[in-house]
Amino acid sequence: MRNIDIFDTTLRDGEQSAGVNLNTIEKVELAKQLERLGANIIEAGFPAASKGDFEAVKKIGETVKNSSVTGLARANLKDIDAVWGSLKGTAEPRLHVFLATSPIHMTYKLKMTPDEVIEKAVETVKYAKKFFPVVQWSAEDASRTDKAFLVKIMNEVIKAGADVINLPDTVGYSTPQEYGELFRYVKENVYGVENIKLSAHCHDDLGMATANSLAAIENGADQVEGTINGIGERAGNAALEEIAVALHIREDFYKAKTRLKLDETKKTSNLVSKLTGMKVPANKAVVGENAFAHESGIHQDGVLKEKTTYEIITPELIGVSTNRLVLGKHSGRHAFNNKAIELGFELSDQKLKEAFQTFKDLADKKKEVVDEDIFSILTNKQTEIKAVDEAYKLQSLQVQYGMNNIPTATISVTMEDGEVTHIASTGSGSVEAIYNTIEKMLPSQSKLLDYKIHSVGGGRDALAEVYVRIDYNGNVSNGRGTAQDVLEASARAYLNAVNRLSADKLEKQKAEASL
Ligand code: KIV
Ligand code: ZN
């Protein structure tokens, strides 16, 4: 049985998904969950991209102990220094440096000759090896690279000291047969390939990312890269949960396993979905809501007689609890704390106390509080902006709506200077009236770019979760708001987006002051 390393890039390639923007607290919480899931390697970000990315990679490197943390660098010394600056002192600092090798990328993007590309790759890997015990080099757009050139550059990069070589299908162009063949080819032709690990990194533009990753494993890849729920640039990356469960269920065929704790899969997927606002489609393999639902009479009859007739994956395998013990207003702190532990949360006593109060308030209004509600309460508590760093606090909200009237919102907010502002405004709908009012209150220009609403769990009294993206004073920010009322959730999401910008500013100031 071969061991396959899981390289998770949810926080780097995944965060490159359009409209996704996690802050440091959220990234750290997600990294902790990826560690619990058992990812061998966590790509925490791209430190040279921004101060925020640098800080997040640093914090994740300091927090995570059982996974190797890596950061991405372009093939230049400054980027490599940035990764080293953020990861030096961690248990196993790892560098991921990449350079494009396909004719299209070398000619039009890099404007470099093949020989110059080899020279740059060798120079950067040699430089990185002075600092990092593990250096991964990626041949960007490897699947559209001339094979003879790929072999030539791999020979040189291995001589320069690379420990892992990744061959990405950057634009999701390859077919499983071609991608598998690429791995077989380099295995047979690259000098010293037996001393390094080969890694697969697939994108899902043609819907083949999982199949391509598995084909690479069949043909010699010992590491696969991907994201939870398959989030990522354009159509996304290979979904790690699909690859890991496929290897597990078809162990007879692949004869390979990962070290992932598969019963942490669903929780990880829920967390990614909640923090990014990217809802998992109901029919998504492994983690979709309908993945275990049997709708047709013939299937239901079969499953009742013998589960394996139509069920190849059990809900328990991925950590879906069939014991849906609901809590209600009579549930005490003990039952709530037990539920938090069962759901895998580790909160401080103070945060747990505050979360319990939120639960009690909800239980007064909602008949049954289900796991999804508690997951939402605890995640919000775990990732909230510190009250002292919140620039704007919602104090009250009143909306008047009538089919034949103009919707009007009246809102009170405690402003940055501690003063309470009280304003009313109209809009063509209730949400617009709220947002017009908030925008009037704010000292800088603000504009709504995107608005999404999901219900948590189910039922007519379900919690509403609103996600917004705004442009505030020229900066784009995402916000999340949860409440039983959709209008309150909407107001909270908008203020959260503004508060995140001020909290980021404060973080930056603190980081600069500590330098
Ligand atoms: O898709 C890709 O080629 C990448 C590289 C940076 C590895 O994400
Ligand atoms: Zn990628």
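So, how was this worked out
The written sequence of each chain sets the order in which its residues are numbered from 1. As they are written, the chains are lettered A onward and the ligands numbered 1 onward, keeping that order. pLDDT decides what is reported in this predicted model: residues at 70 or higher carry local features, side-chain atom pairs at 80 or more are listed and counted, and totals for whole chains, interfaces and linings draw on all residues regardless. By convention in this description, side-chain values take in all heavy atoms of the structure and omit both hydrogens and water. Each metal site lists N, O and S donors within 2.8 Å (3.2 Å for Na, K and Ca). With water left out of the atoms, a site can look as if it is missing ligands. Every helix listed is a DSSP run of H or I at least four residues long, and every strand listed is a run of E at least two residues long, numbered separately from the N terminus. A pair of strands is labelled paired if DSSP reports no fewer than 2 bridges between them. Only the contacting stretch of a helix is used when fitting its axis, a line to C-alpha atoms as for every element, and angles between N-to-C directions run 0 to 180 degrees. We call two residues contacting when some pair of their heavy atoms lies within 4.5 Å. As used throughout, domain bounds are those supplied by an automatic or database domain assignment. Two parts lose some accessible area (1.4 Å probe) when they are put together, and adding that loss for both gives the buried area. The term salt bridge refers to a pairing of a side-chain nitrogen on Lys or Arg with a carboxyl oxygen on Asp or Glu at a separation within 4 Å. Buried residues are those whose accessible area, probed at 1.4 Å on protein chains only, stays under 20% of the maximum for their type, while exposed residues exceed 50% and partly exposed ones sit between those limits. Near residues are defined by distance, with any heavy atom within 4 Å of the molecule or strand qualifying the residue. Pairs of N or O atoms are called polar contacts if they sit within 3.5 Å, as long as, within protein, a hydrogen donor faces a hydrogen acceptor (for residues adjacent in sequence, only side-chain-to-side-chain pairs). Accessible areas in this description were obtained via Shrake-Rupley with a 1.4 Å probe; residue shielding takes into account the shown protein chains only. Residues are grouped as follows: Ala, Val, Leu, Ile, Met, Phe, Trp, Tyr, Cys and Pro are nonpolar; Asp, Glu, Lys and Arg are charged; every other residue, Gly included, is polar. UniProt positions are given in the numbering used here, feature names are shortened, and annotations may be inferred rather than shown by experiment.

The protein is annotated in an unreviewed UniProt entry as 2-isopropylmalate synthase from Bacillus seohaeanensis.

Glancing now at the coordination of the zinc ion (ligand 2). Every protein donor of the zinc ion (ligand 2) is accounted for by Asp 13 (OD), His 201 (NE2) and His 203 (NE2), and the metal-donor separations fall at 2.0 to 2.1 Å. One chain supplies every donor for the zinc ion (ligand 2), spaced along it as D-x187-H-x1-H. With Asp 13 in the loop between strand S2 (5-8) and helix H1 (24-37) and His 201 in strand S8 (residues 197-202), this residue pair connects regions lying 188 residues apart in the sequence.

Taking strand neighbours across the sheet as the criterion, the three strands line up as S14-S15-S16 in an open arrangement whose pairing is antiparallel. Each edge of the open sheet carries a strand with a single partner, namely strand S14 (446-456) and strand S16 (475-483). Between one strand axis and the next, the sheet turns through 15° on average, direction left out of account. With ten bridges joining them, S14 and strand S15 (residues 463-472) adopt antiparallel strand pairing. Opposite Asp 450, over in S15, you have Arg 469 as the bridge partner. Here helix H16 (residues 430-441) sits on the sheet and contacts S14 and S15; the angle it forms with S14, its principal contact strand, is near 135°.

As assigned here, the protein comprises domain 1 (2-276), domain 2 (288-323), domain 3 (333-383) and domain 4 (387-514). Both sides of the domain 3 and domain 4 interface together cover about 740 Å² of buried area, and 46% of this is carbon and sulfur. Considering only the side of domain 3, the residues that lose the most area to domain 4 are Lys 366, Ser 376 and Asn 380, jointly responsible for 46% of the buried surface there. Taken together, the links from domain 3 to domain 4 amount to zero salt bridges. Only helix H14 (349-365) and helix H15 (371-383) provide two or more residues apiece to the side of domain 3 that touches domain 4.

This part is about the sheet that holds strand S12 (residues 408-414). Across the sheet, which stays open at both edges, the three strands sit in the order S11-S12-S13 with antiparallel pairing between neighbours. Single-partner strands in this sheet number two, and they are strand S11 (393-400) and strand S13 (420-426). Along the sheet, successive strands turn relative to each other by an average axial angle of 15°, direction set aside. Here seven bridges tie S12 to S13, and the two strands are oriented antiparallel to one another. Within S13, the residue paired with Ala 409 across the bridge is Ser 425. Across the face of the sheet, H16 comes into contact with S11, S12 and S13 while running at roughly 135° to S13.

Excluding glycine, residues mostly have negative phi values, and the peptide bonds linking residues are mostly trans. Positive phi outside glycine occurs at Lys 111, with the angle close to 50°. Under the relative-accessibility criterion, Lys 111 is labelled exposed at 64%. Of note, Asn 229 is a non-glycine position whose phi angle comes to about 65°, a positive value. In this structure, Asn 229 sits in the loop between strand S9 (223-226) and helix H9 (240-249).

As a further point, take the site of ligand 1. By nearness alone, every residue bordering ligand 1 is listed as Arg 12, Asp 13, His 96, Phe 98, Ser 138, Glu 140, Asn 166, Pro 168, Thr 170, His 201 and His 203. One nitrogen or oxygen atom from the side chain of His 203 is found 3.0 Å from an oxygen atom belonging to ligand 1. Contact with the protein chains hides 94% of the accessible area of ligand 1, taken as 260 Å² for the molecule alone. Elements represented by at least two residues in the shell around ligand 1 include exactly strand S5 (94-100), strand S6 (134-140) and strand S7 (164-169). Tallied by class, the residues present in the shell around ligand 1 amount to two nonpolar, six polar and three charged.

On to the environment of Phe 375. Positionally, Phe 375 belongs in helix H15. As a C-alpha pair, Phe 375 and Lys 339 span 36 residues in sequence and 9.3 Å in three-dimensional space. Setting aside residues up to four positions removed in sequence, Phe 375 forms contacts with Lys 267, Asn 270, Leu 271, Lys 274, Leu 343 and Phe 345.

Here we come to the UniProt feature "domain: Pyruvate carboxyltransferase" (unreviewed entry) in the protein. In the numbering adopted here, UniProt assigns the feature "domain: Pyruvate carboxyltransferase" (unreviewed entry) to residues 4-266. With 44% helix and 18% strand, residues 4-266 has end C-alpha atoms that lie 21 Å from one another.

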